Number of protein chains: 2
Amino acid sequence: MDHGRRLRRLQALVAESKLDFLLVTHLPNVRYLSGFTGSAAALLMSSEGATVFTDGRYIAQARQEVQAARVVIDSKAPALAAAEWLLGQGNGGRRGSSRPSRTLGVEAEWMTVAGRDRLASVLRGKAKVRPAPGWVEQARMVKDAGEIQRIREAVRLGASLFGIAKKTIRPGVREYEVAAAMEYEARRQGAEGMSFPTILASGPRSAIVHGRASDARIPRRGFVVCDFGVILAGYCSDRTRTVHVGRPSKEGRSLYAAVLEAQECAIAAVRAGVTAGEVDEAARGVLRERKLARWFTHSTGHGLGLEIHEQPRVAAGQRQKLEPGMVVTIEPGAYVPGEWGVRIEDVVVVTASGCEVLTPTEKDLVVIEA
Amino acid sequence: MDHGRRLRRLQALVAESKLDFLLVTHLPNVRYLSGFTGSAAALLMSSEGATVFTDGRYIAQARQEVQAARVVIDSKAPALAAAEWLLGQGNGGRRGSSRPSRTLGVEAEWMTVAGRDRLASVLRGKAKVRPAPGWVEQARMVKDAGEIQRIREAVRLGASLFGIAKKTIRPGVREYEVAAAMEYEARRQGAEGMSFPTILASGPRSAIVHGRASDARIPRRGFVVCDFGVILAGYCSDRTRTVHVGRPSKEGRSLYAAVLEAQECAIAAVRAGVTAGEVDEAARGVLRERKLARWFTHSTGHGLGLEIHEQPRVAAGQRQKLEPGMVVTIEPGAYVPGEWGVRIEDVVVVTASGCEVLTPTEKDLVVIEA
């Protein structure tokens, strides 16, 4: 990853703005810009350069990971260490004037109300705190080639876990036993961990959209929603497949077919220039025709990368235009509370003329004999 | 868990305060008060009652989990749904006056600057937004009997993983293979997941305080720091043990002995009425005498419960007094960058006269034959 190039792009934005400094406190943003993966960090940049602030636990790790920015170790909270360091810089902001007021942009979507108050009290009026635009999120939305490669590898590893699920899902097995087998395989293949708590929701639990693997036993007949992802070299994968244990009813098959058609229509709608809302509508429209729209209670997808949920949101009314290099999930579903649910999800990369589906495409309904 | 009792305690605090409403947005706090475990939620309470706001993904789950509060499903962000609902309540705040200004307390340590701005714009001046005291964190600091039992069970399960580590750690094995075996066992025993990314740091990597299991191979000789925890029924465990592969040098043994003595002195210092800073000093003082204080680059411990890091912080200068029922980790360490590191950690419950160590106590240096 070329962190130097990313920092220079951001520095250019700072230089063109009314801000003298930008304080990055959201850890995935710090990582994106500097490579630092510690759990306590802030990155302060001006048009001149960037400095990562962290604490004594990370002396060795920061030296190893951060190449394109300075590193300052301080026992104070990183954002406050950055503020004190800024005060020590005299009037060296980009304007180089002797006026005492410099302007520090903060990440308003991530900095807490209390955090901003503490920052202001350290700065004692010597610098003004202002919300900065979401520059880093904007930059992160469009992945570079190295990132797409990492996501591709994460998706490939993640997708392979479905084979374990198919082998392990049997009536009477507890949901978490299936999740355990999948997660062991993920680790064995080198994943740093799962990108979110594995969802393994069987029988009536399949209607619980975020039904984490529980101690429930898989019933002799019914859907099992498997939604899972890994983190590999920092990047997330996300995949959902729904299988059926025992012979599916006609209604069950028809529910599955409707969700699959919605998912494929949404994938077909993805291309540069289309809005995220139009992709959502492609899926929602299919389910509306089938009188299933009221059971599709979430949005169609989300960006992913260093985080499992990133911009853009693929949801009703979203006007964000898709651009080549954006990576999003496409995951419509339908859920009848107390009865059943189905969701099917792939990860796609937006291209000029359409998209590339990164997830291997097996999507016919898998029936597991009881 | 008696969520009704927790809500009533908070409602009494709201009633005595200048606030008409309290908006709880930190998810572990929402869970603590209502039992709801979804990933999108806000809880709005007045002295009269409480309402949980979530979205359509969680219809079934919210009905299942929330007993002591109302549930409102809304497609908007939960905090904004709560704000709109509040406006719809007329002037029904606790003062029952016709004045249009009601006061809504928010969790300043958790609400973002942008989140507060969005909230204010929904409220259009019809309610004032003010920071609320950290009531829920204060309440959560002292665990009730049901919580201590859950933590006890999580710690017991977590501690058992060290047996897997001892069996798996061998020269040439990759760090993540050890972590994978431990995590599989955790799942197999019913854990919902790990409470943080497993730290498995061998050889010179043992000096990296937060050295997540990597693809590095365990060397023929050196320390291996294993720091790991599980989530069981929502509650976290946390344990660190450091083993040595191959015969330890005299210096290695002496480093281990010093950290162990520091850890035991800190545990001996824990009792109700003592400050968290005094416990930290008990550990730090031992390492200072051994000329190792400069290598102890973090604090001695932290509270844990629904989150892996909670109040109180057991750190230098912390004036928070320990109270019976507080649960904290005691985990001093010493790390020489590029060379080696040792950390030893237990979880303890504060009692009137001392503490109960929940973690099984085996702490002699384990030597694994190369």
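Residues numbered from 1 in each chain as written. Chains lettered and ligands numbered in written order. Predicted model: local features only at pLDDT ≥ 70, side-chain atom pairs only at ≥ 80, totals over all residues. Heavy atoms only, no water.

Turning our attention to the overall build of chain A. A tally of helices and strands in chain A yields ten helices and 20 strands. Taking the principal axes of its C-alpha atoms as reference, chain A extends roughly 75 × 40 × 35 Å. For chain A, with 370 residues in total, the buried portion stands at 59%. A sequence separation of at least 24 residues applies to 67% of the contacts in chain A between residues at least 6 apart. Accessible surface for chain A amounts to roughly 14,600 Å². Of this, 49% is attributable to carbon and sulfur atoms. Side chains of chain A give 52 positive and 41 negative charges; the mean places of these two sets differ by 3 Å. (Helix = DSSP H or I, 4+ residues; strand = E, 2+ residues; numbered from the N terminus. Buried < 20%, exposed > 50% of the residue type's maximum accessible area, 1.4 Å probe, protein only. Contact = heavy atoms within 4.5 Å. Areas by Shrake-Rupley, 256 points an atom, 1.4 Å probe, with all protein chains shown as cover. Lys, Arg positive; Asp, Glu negative; His and termini not counted. Charge placed at Lys NZ, Arg CZ, Asp CG, Glu CD.)

Looking now at the domain arrangement of chain A. All names here are of chain A. Looking at the assigned domains, one finds that chain A contains domain 1 (3-140) and domain 2 (142-368). Using only C-alpha atoms to locate each centre, domain 1 and domain 2 end up separated by 36 Å. Domain 1 puts eleven residues into the contact, and the matching count from domain 2 is eleven residues. Between domain 1 and domain 2, the buried area comes to about 860 Å², and carbon and sulfur atoms account for 34% of it. When the buried surface of domain 1 facing domain 2 is broken down by residue, Arg6, Arg31 and Arg140 rank first, second and third, together holding 54% of it. Remark: the boundary between domain 1 and domain 2 carries five salt bridges. (Domains from an automatic or database assignment. Buried area = accessible area lost by both parts, 1.4 Å probe. Salt bridge = Lys/Arg side-chain N within 4 Å of Asp/Glu carboxyl O.)

Hydrogen bonding along the main chain pairs the strands of a sheet, whether they run parallel or antiparallel. Residue and element names in this part refer to chain B. Within the open sheet, the three strands sit side by side as S7-S10-S11. Their pairing is antiparallel. Among the strands making up the open sheet, the edge pair consists of strand S7 (193-194) and strand S11 (235-236). Along the sheet, helix H7 (residues 145-168) makes contact with S7, strand S10 (230-232) and S11, crossing S10 at roughly 140°. (Pairing = 2+ DSSP bridges. Axes fitted to C-alpha atoms, helices over the stretch in contact; angles between N-to-C directions.)

What follows concerns the packing of aromatic side chains. Under the counting rule described, the total for this entry stands at seven aromatic pairs over all chains. On the basis of an interplanar angle of 55° and a centroid distance of 5.1 Å, the ring pair of Tyr184 of chain A and Tyr184 of chain B is categorised as tilted. Note that Tyr184 of chain A is positioned in helix H8 (residues 175-188) and Tyr184 of chain B in helix H8 (residues 175-188), a pairing that runs across two chains. According to the relative accessible area criterion, Tyr184 of chain A is partly exposed, its value standing at 31%. Summarising the aromatic geometry, the rings of Phe223 of chain B and Trp340 of chain B are spaced 5.7 Å apart at their centres and angled 65° between planes, so their arrangement reads as edge-to-face. A residue pair is termed long-range when its members are at least 10 positions apart, and Phe223 of chain B in strand S9 (residues 222-228) and Trp340 of chain B in strand S17 (residues 340-343) qualify at 117 residues. (Phe/Tyr/Trp six-rings, centres within 6.5 Å; stacked < 30°, edge-to-face > 60°.)

As a further point, take the interface of chain A and chain B. In many reports, interface size means the accessible area that the parts give up when they come together. Taken together, the contacts link 33 residues of chain A with 33 residues of chain B. In total, about 3,300 Å² of surface goes out of reach between chain A and chain B, with carbon and sulfur atoms giving 58% of it. For chain A, the biggest contributors to the area lost against chain B are Arg57, Val113 and Arg187 of chain A; these three give 21% of the whole. In this assembly, chain A and chain B are joined by four salt bridges. Put simply, chain A and chain B have 14 residue pairs in polar contact (both at pLDDT 80 or more) between them. For the side of chain A that touches chain B, the elements supplying multiple residues, two or more each, are helix H3 (59-65), helix H5 (113-123) and H8 of chain A. Broken down by element, the residue count for the side of chain A that touches chain B peaks at eight residues, all from H8 of chain A. (Polar contact = N/O pair within 3.5 Å; in protein donor to acceptor, adjacent residues only side chain to side chain.)

This brings us to the sheet that holds strand S20 (residues 366-368) of chain B. Residue and element names in this part refer to chain B. Spatially, the four strands line up as an open sheet ordered S8-S9-S12-S20, and their pairing is mixed. Looking along the sheet, the strands with just one partner apiece sit at the ends: strand S8 (199-202) and S20. This sheet shows a mean twist of 25° between the axes of neighbouring strands, independent of strand direction. Bridge analysis of strand S12 (residues 239-245) against S20 gives three bridges, and the strand direction is parallel.

Our focus in this paragraph is the pairing of strand S14 (residues 310-314) of chain B. Residues and elements named next belong to chain B. For strand S13 (residues 301-303) and S14, the ladder comprises three bridges, and the chain directions are antiparallel. Note that in S14 the partner of His302 across the bridge is Arg313. Following S13, the chain reverses through six residues before pairing antiparallel with S14.

Before going further, it helps to spend a moment on the layout of surface pockets. Residue and element names in this part refer to chain A. There is about 150 Å³ of room inside the second largest pocket. Taken together, 13 residues form the lining of the second largest pocket, with Ala108, Glu109, Ala132, Pro133 and Gly134 sitting closest to its centre. Here the element with the most residues in the lining of the second largest pocket is helix H6 (residues 135-141); it accounts for three residues. Residues that form the lining of the second largest pocket fall into these classes: eight nonpolar, two polar and three charged. (1 Å grid on protein atoms, 1.4 Å probe; cavity = no way out; pocket = protein on both sides within 12 Å on 5 of 7 lines; lining within 4 Å. Points joined across faces, edges and corners; volume = space filled by probe spheres on them. Nonpolar A, V, L, I, M, F, W, Y, C, P; charged D, E, K, R; others polar.)

The next point concerns the side chain of Asn29 of chain A. Within the element layout of this structure, Asn29 of chain A appears in helix H2 (residues 27-34). Engagement of the side chain of Asn29 of chain A in a polar contact is seen with the side chain of Glu137 of chain A, the distance being 3.0 Å.

Once that is clear, we can look at the pattern of salt bridges. Enumeration according to the criterion identifies 46 salt bridges over all chains in this entry. We note a salt bridge from Arg290 of chain B to Glu261 of chain B, for which the minimum N-O separation is 2.3 Å. Note that Arg290 of chain B is positioned in the loop between helix H10 (276-289) and S13 and Glu261 of chain B in helix H9 (residues 250-269), a separation of 29 residues in sequence. The partly exposed category is assigned to Arg290 of chain B, whose relative accessible area is 34%. Salt bridges sharing common partners tie together Arg5, Arg6, Asp144 and Glu147 of chain A.

Leu22, Leu33, Leu43 and Met45 of chain B are the most contacted members of the largest nonpolar core, which has 38 residues in total. Structurally, this core is a two-domain feature, drawing no fewer than three residues from each of domain 1 (3-140) and domain 2 (142-368) of chain B. Counting residues in hydrophobic clusters, the runner-up holds 37 residues, among them Val24, Leu43, Ile308 and Val327 of chain A. (Core = buried A, V, L, I, M, F, W, Y, C linked by side-chain atoms within 4.5 Å.)

As a further point, take the pairing of strand S3 (residues 50-54) of chain B. Residue and element names in this part refer to chain B. S3 sits mainly inside the fold: five of its five residues count as buried. Residues Ala50, Val52 and Thr54 line one face of S3 and the alternating positions Thr51 and Phe53 line the opposite face, and both faces are buried. Examined bridge by bridge, strand S2 (residues 42-45) and S3 share four bridges and lie antiparallel to one another. Opposite Met45, over in S3, you have Ala50 as the bridge partner.

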